[in-house]
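So you can see what is in the structure, the chains are spelled out below.
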Amino acid sequence: MARSRGGGACYMLAPPNPETTLRLLVVEDDPDLNRQLTTALNEAGYVVDRAFDGEEGHFLGDSEPYDAVVLDIGLPKMDGISVLEAWRRNGRIMPVLILTARDRWSDKVQGIDAGADDYVAKPFHLEEVLARIRALLRRAAGHAQSELTCGPVVLDTRTNRVSVNGNHIKLTSHEYRLLAYLMHHGGRVVSRTELVEHLYDQDFDRDSNTIEVFVGRVRKKLDVDIIQTVRGLGYLLTPPTDAR
Ligand code: CA
């Protein structure tokens, strides 16, 4: 199924079967609004899971393979921005539509910075949410695939599995996040500082030498040469040059 392509940049696989029913998550603490959204999305043919606070939403989005998420910003237990940031840090790339309070432009900016794909301001028409979800899903079918590849290395962001030439490789969560980040940004140099800032939480040892240790471990486990060190700048992912 994978297109074979010698050399070149790291790229993504073909889209999954479009016939499959799409599964969405709605995270909204207002029970009426949650119900209205869920009902409208159900009627539009999607399978919908619902969460009523940030923690529950975060857990579901982190463990289930959703095709898209509708995420409120103002949520109890964990706010929407933190939920989104945590998903993205963990390599979760499903499209996310955020719901922002009217006139809170800062919410929109923060949301987009945190990795939101689009936003709708409250109060909204359900039709608008549906149209934006359709657009996000169309776009996602175009690029944001669950599988990322680089030469013989395949990383599945839904199952958090990594394989090399079809063989499953066991990575720790730190190692996985590092590789996922590099693969999402394949084609450009990623600095050590950027890796530290995007991958690890506050209490993580922010010494960038630690990153070198993790990179070394990931290289060793993959046993193929795809992570290049760009002296003084950081790391660049490229398919192995000796690929036959
Ligand atoms: Ca709310």
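Here the residue index of a chain counts from 1 through its sequence in written order. Only residues with pLDDT of at least 70 get local features here, since the model is predicted, and only at 80 or more are side-chain atom pairs given and counted; chain-wide, interface and lining totals rely on the full set of residues. Side-chain numbers come from the whole structure's heavy atoms, not from hydrogens or water.

Draft legend 1. Here's a closer look at the overall build of the protein chain. Note on conventions: DSSP H or I runs of at least 4 residues are helices, E runs of at least 2 residues are strands, and numbering of each starts at the N terminus. Of the regular secondary structure elements, the protein chain holds eight helices and twelve strands. Nonlocal contacts in the protein chain, meaning residues at least 24 apart in sequence, comprise 56% of its contacts between residues at least 6 apart. A total of about 12,800 Å² of accessible surface is found on the protein chain, and carbon and sulfur atoms cover 50% of it. Any two residues whose heavy atoms approach within 4.5 Å at even a single point are treated as in contact. Values of accessible area rely on a 1.4 Å probe in the Shrake-Rupley scheme; residue burial ignores everything except the protein chains shown.

Draft legend 2. Layout of the coordination of the calcium ion. Coordinating N, O and S atoms are those within 2.8 Å of the metal (3.2 Å for Na, K and Ca), and as water is not part of the atoms, a site may appear to have fewer donors than expected. Around the calcium ion, the protein contributes the donor atoms Asp29 (OD), Asp72 (OD) and Gly74 (O), at 2.1 to 2.3 Å from the metal centre. When the donor residues of the calcium ion are listed from N- to C-terminus, their spacing reads D-x42-D-x1-G. Within this pair, whereas Asp29 is found in the loop between strand 2 (23-27) and helix 1 (31-43), its partner Asp72 is found in strand 4 (residues 68-72), the two being separated by 43 residues in sequence.

Draft legend 3. Main features of the pairing of strand 2. In terms of burial, strand 2 is a largely internal element, four of the five residues being buried. Two strands qualify as a pair provided DSSP detects at least 2 bridges between them. Sheet topology places strand 2 next to strand 3 (residues 47-51); five bridges connect them, and they run parallel. From the neighbouring strand, Leu25 faces strand 3, where its bridge partner is Asp49. The pairing of strand 2 with strand 4 spans four bridges and is classified as parallel. Residue pairing across strands places Val26 opposite Val70, the latter belonging to strand 4. Any residue under 20% of the maximum accessible area for its type is buried, any over 50% is exposed, and the rest in between are partly exposed; the area is computed with a 1.4 Å probe on protein chains only.

Draft legend 4. Layout of the packing of helix 2 (residues 54-63) against helix 3 (residues 80-89). Under this scheme, a helix contributes an axis fitted over its contacting stretch, all axes are lines through C-alpha atoms, and angles between N-to-C directions fall in the 0 to 180 degree range. Put simply, helix 2 and helix 3 touch, their axes get as near as 10 Å, and they point 20° apart. Taken together, the axes of helix 2 and helix 3 are roughly parallel relative to one another. Crossing geometry of helix 2 relative to helix 3 is assigned as right-handed. In contact with Gly54, Gly57, His58, Gly61 and Asp62 of helix 2, helix 3 contributes Val83, Ala86 and Trp87. Here the nonpolar group is Ala, Val, Leu, Ile, Met, Phe, Trp, Tyr, Cys and Pro; Asp, Glu, Lys and Arg are the charged ones; every other residue, Gly included, is treated as polar. Counted by class, the contact of helix 2 with helix 3 contains three nonpolar, four polar and one charged residues. For classification, angles of less than 35 degrees are called roughly parallel, those exceeding 145 degrees roughly antiparallel, those between 65 and 115 degrees roughly perpendicular, and all remaining angles oblique. In this scheme the crossing of two helices becomes right-handed for a clockwise turn of the near helix relative to the far one and left-handed for an anticlockwise turn of less than a right angle.

In short, the description is geometric, and any link to function would need to be established separately.
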